[in-house]
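# Topology and contacts: notes
As a plain string of letters, each chain reads:
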Amino acid sequence: MTSEQDRPLIDEELREQFAVDHLKQALTSDFGDHPATEVEQAVEDAREQYADAPVRDFVPNLVERDARDRLKESG
């Protein structure tokens with residue numbers, strides 16, 4: 001039996017990056033009338049707003065909301 005300390009933890013930055021990458025793919029599909037580069041830029045701009053957030057758990061959700069709003073406004 002392994003203890004909590006012995007189990008490898010998923011790196012928080014890696015988990016967030018995976019979520020953001022998945023988000024880019026989903027939004028590119030949802031906003032097919034927008035160039036993929038525009039979608040990716042909307043996501044990166046939204047993510048930058050939360051660069052200093054001390055709690056990272058909800059950053060992908062906030063980024064999705066902000067990027068969706070930006071893409072809806074531009075299209």
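Per-chain numbering applies: the sequence of each chain, read as written, is numbered from 1 onward. The predicted nature of this model means local features are confined to residues of pLDDT at least 70 and side-chain atom pairs, given and counted, to a pLDDT of 80 or more, with totals for whole chains, interfaces and linings taken over all residues. Neither water nor hydrogens contribute to the side-chain values; these are computed over all heavy atoms in the structure.

For the rest of this paragraph, the subject is the overall build of the chain. Helix numbers and strand numbers start at the N terminus; a helix is a DSSP run of H or I with at least 4 residues, a strand a run of E with at least 2. Along the backbone of the chain there are three helices and zero strands. The helix and strand sequence of the chain, counted from the amino end, reads α-α-α. Only protein chains enter the area calculation, which uses a 1.4 Å probe; residues under 20% of their type maximum are buried, those over 50% are exposed, and those in between are partly exposed. Looking at the chain as a whole, 25% of its 75 residues are labelled buried. Contacts in the chain between residues at least 24 apart in sequence constitute 57% of all its contacts with a sequence separation of at least 6. We call two residues in contact whenever any of their non-hydrogen atoms come within 4.5 Å of each other.

Below, the discussion takes up the pattern of salt bridges. Side-chain pairs of opposite charge can arise whenever the charged atoms involved come near each other. Put simply, a salt bridge is a Lys or Arg side-chain nitrogen that is within 4 Å of an Asp or Glu carboxyl oxygen. According to the stated counting rule, one finds nine salt bridges in the structure shown. Close ionic contact of Glu44 with Lys24 constitutes a salt bridge, the shortest N to O distance being 2.7 Å. With Glu44 in helix 2 (residues 36-48) and Lys24 in helix 1 (residues 12-30), the pair connects residues that are 20 residues apart, well separated along the chain. Residue Glu44 is classed as partly exposed on the basis of its relative accessible area of 31%.

This brings us to the environment of Thr28. Looking at where Thr28 falls in the secondary structure, it is placed in helix 1. C-alpha of Thr28 to C-alpha of Glu38: the two residues are 10 residues apart in sequence and 8.9 Å apart in space. Sequence-distant contacts of Thr28, defined by excluding residues within four places in its chain, comprise Ala36 and Val39. Within the structure, Thr28 has its side chain in polar contact with the backbone oxygen of Lys24 (distance 2.7 Å). Whenever a nitrogen or oxygen atom comes within 3.5 Å of another N or O atom, the pair is scored as a polar contact, on the condition that within protein one atom can donate a hydrogen and the other can accept it, and that pairs from neighbouring residues in sequence are kept only if both atoms are in side chains.

Note on placement: His34 falls in the loop between helix 1 and helix 2. Note on His34: relative accessible area 8%, which makes it buried. A distance of 3.2 Å separates a polar side-chain atom of His34 from the backbone oxygen of Leu71. Beyond its immediate chain neighbours, meaning those up to four positions away, His34 contacts Val39, Leu71, Ser74 and Gly75.

Let's shift gears to the nonpolar core. We call a set of buried Ala, Val, Leu, Ile, Met, Phe, Trp, Tyr and Cys residues a nonpolar core when their side-chain atoms join them within 4.5 Å. Counting residues in hydrophobic clusters, the biggest one holds 13 residues, and the most contacted among them are Leu27, Val43, Val63, Ala67 and Leu71. Looking at this core, the elements with two or more residues in it are helix 1, helix 2 and helix 3 (59-74). Beyond its immediate chain neighbours, meaning those up to four positions away, Leu27 contacts Val39, Val43, Ala67, Arg68 and Leu71.

Glancing now at the side chain of Asp66. You can see Asp66 is positioned in helix 3. Other than its neighbours up to four places away in sequence, Asp66 contacts Ala46, Gln49 and Tyr50.

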